Amino acid sequence: GSLLLFEANVCAADCGGKSGECNLASSSVCNCFGVGVTKTATCNSCDGGYFFQETNSITRSGMCVACGTGRVGLFTATRNGEADSCQTCPSGYFQSNAYATVCTPARKGFYQDQSGKPFELPCIPGTYNDQEAQKNCTNCGVNNYTFNTEQTSCKRCGDGEKSDPGSAKCIK
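Residues numbered from 1 in each chain as written. Predicted model: local features only at pLDDT ≥ 70, side-chain atom pairs only at ≥ 80, totals over all residues. Heavy atoms only, no water.

### Section: the overall build of the protein chain
Heads up, the rule is: Note on conventions: DSSP H or I runs of at least 4 residues are helices, E runs of at least 2 residues are strands, and numbering of each starts at the N terminus. Relative accessible area decides the class of each residue, using a 1.4 Å probe on protein chains only: under 20% of the type maximum gives buried, over 50% gives exposed, and in between gives partly exposed. Residue contacts are defined here by distance: any two heavy atoms, one from each residue, within 4.5 Å place the two residues in contact. Each accessible area is a Shrake-Rupley estimate made with a 1.4 Å probe; only the visible protein chains count as cover when residues are assessed.
Across its full length, the protein chain holds two helices and 14 strands. Residues counted as buried form 37% of the 172 residues belonging to the protein chain. Residue pairs at least 24 apart in sequence account for 39% of intrachain contacts in the protein chain once pairs closer than 6 positions are excluded. Total accessible area on the protein chain is roughly 9,300 Å²; 49% of this is exposed by carbon and sulfur atoms.

Next comes the structure, spelled out in structure tokens:
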């Protein structure tokens with residue numbers, strides 16, 4: 001079929017370093033415009049972070065579309081659609097770019113408890129996180145506390161002070 005011809009570089013033409021839309025109705029011409037097509041400018045595949053979306057079923061032409069925030073796109077040398085090219089970032093990770101190839105781990109002092117999110121969340125007072133890519137923060141232990149957000153460790157209460165687990169302060 002046409003897809004196999006496309007994959008065999010039927011629509012391979014120099015796009016002058018630009019991105020493009022491929023038109024399979026022509027055996028040697030690549031109409032170049034759009035975003036996300038491989039930098040080799042052959043209009044034969046979408047960059048990582050993008051998927052192929054057919055815009056004309058008769059000419060089998062289409063364009064590369066960004067996978068979107070909270071997701072990443074795997075580079076493929078074919079016209080794979082969204083389901084085959086894009087993956088949702090798992091919990092503990094996020095991605096704020098609409099056209100990324102890897103998920104970003106939540107930093108120390110942060111977490112992300114849901115998949116497919118474009119941001120990380122700060123640990124709240126009374127909690128901490130000393131590792132990357134975590135799904136939640138850990139409560140400070142007995143007689144320990146944090147009164148700020150984004151903490152990577154807890155502080156011990158002073159002499160004569162105490163606190164319950166998950167406390168933001170110590171009491172006398």
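### So, the environment of D159
Counting through the fold element by element, D159 comes out in the segment after β14 (155-156). Classification of D159 as exposed rests on a relative accessible area of 83%. A sequence separation of 13 residues divides D159 from K172, and the C-alpha atoms of the two residues are 8.9 Å apart.

### Description of the packing of aromatic side chains
What counts, and what does not: A pair of aromatic rings is counted whenever rings of Phe, Tyr or Trp (Trp by its six-membered ring) have centres within 6.5 Å, and the orientation is called stacked for planes under 30 degrees apart, edge-to-face for over 60 and tilted otherwise. Over a ring means this: the NZ of a Lys or the CZ of an Arg is within 6 Å of the ring centre and within 35 degrees of the ring normal.
Evaluation of the coordinates by the stated rule reveals two aromatic pairs. Their ring planes at 15 degrees and their centres at 6.1 Å tell us that Y145 and F147 sit as a pair that is stacked. Owing to a relative accessible area of 47%, F147 belongs among the partly exposed residues under this scheme. Seen from the ring of F110, R107 lies directly overhead, with NZ or CZ sitting 4.2 Å from the centre.

### Considering the state of the cysteines
Formally: When two cysteine sulfur atoms lie within 2.5 Å, the pair is treated as a disulfide.
Counted by the stated rule, this structure contains five disulfides. The disulfide that involves C123 links it to C137, with 2.0 Å between the sulfurs. Across the S-S bond of C123 and C137 the torsion is about -85 degrees, and the bridge reads as left-handed. Residue C123 is located in the loop between β10 (121-122) and β11 (127-128), and its partner C137 is located in the loop between β11 and β12 (138-139); the two are separated by 14 residues in the primary sequence. Both residues of the pair, C123 and C137, count as buried.

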